Amino acid sequence: MEIGILSPIKKPKEETVPQISMEVNGKAVKVEVAANALLVDVLRAQLSLTGSHVGCDTSQCGACVVHINGRSVKSCTTLAVQADGAKVTTIEGLSQGQNMHPVQAAFKEAHGLQCGFCTPGMVMAATDLLSRNANPTEAEIRSFLKGNICRCTGYHNIVKAVQIAAKSMSTKVAAE
Ligand code: FES
Ligand code: FES
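We now turn to the structure provided with this report. (Residues numbered from 1 in each chain as written. Chains lettered and ligands numbered in written order. Predicted model: local features only at pLDDT ≥ 70, side-chain atom pairs only at ≥ 80, totals over all residues. Heavy atoms only, no water.)

## Things to note about the overall build of the chain
Argument step 1. Regarding its fold elements, the chain presents five helices and five strands.
Argument step 2. Counting only residues that meet the buried cut, the chain has 38% of its 176 residues in that class.
Argument step 3. Sequence-distant contacts in the chain: of pairs separated by 6 or more residues, those separated by 24 or more amount to 56%. (Helix = DSSP H or I, 4+ residues; strand = E, 2+ residues; numbered from the N terminus. Buried < 20%, exposed > 50% of the residue type's maximum accessible area, 1.4 Å probe, protein only. Contact = heavy atoms within 4.5 Å.)

Spelled out as structure tokens, the structure:
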């Protein structure tokens, strides 16, 4: 009987753990992430920024919206490695110290929230909208926020909040 030659046991390939560099809320960070790690998980679990919420994990609800280089993205369907080298802003980075961002203040003023679960994503998306269009119509607001689901408010006060924010931000710019 022929004696088979056993091939040498292959060592499992070492997992490569990429290190990414980002500027998160104005601070430079370097973080080791799994190649398939989602940005929202890295922000929440590794950087303790739990303001971005996970409502659906399938790009439907918008609770996880953050800004990458000033543009809103759903961080539950963005790989962390895609943010390598980018400026990331989360809801925690929007206020200036104790001063709320005008969009946050407007949500408070117009009661644009109830349970608050959708609010970080709504505020981040609305901020992006106002940076592209300083004076959106009601239809434009509703259209831009269609990727953000709110189960409590009926959206009316959210739209009102964005209108209030647009007004206060344009007044501020005119005064500068
Ligand atoms: Fe990202 Fe719902 S958790 S869209
Ligand atoms: Fe509750 Fe929007 S305030 S989901």
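Past the structure itself, the notes keep going.
## Brief notes about the environment of Leu-43
Argument step 1. Along the chain, the position of Leu-43 falls in helix α1 (residues 39-46).
Argument step 2. Classification of Leu-43 by relative accessible area gives buried; the value is 0%.
Argument step 3. For the pair formed by Leu-43 and Thr-90, sequence separation is 47 residues and the distance between their alpha carbons is 8.6 Å.

## Some points on unusual backbone geometry
Argument step 1. In this structure, Asn-25 is a non-glycine residue whose phi angle is positive, near 50 degrees.
Argument step 2. Its place among the elements puts Asn-25 in the loop between β1 (19-24) and β2 (27-32).
Argument step 3. Under the relative-accessibility criterion, Asn-25 is labelled partly exposed at 25%.
Argument step 4. Non-glycine residue Tyr-155 carries a positive phi angle of around 75 degrees.
Argument step 5. Position of Tyr-155 among the secondary structure elements: in the loop between α4 (138-144) and α5 (156-175).
Argument step 6. You can call Tyr-155 partly exposed: its relative accessible area is 30%.

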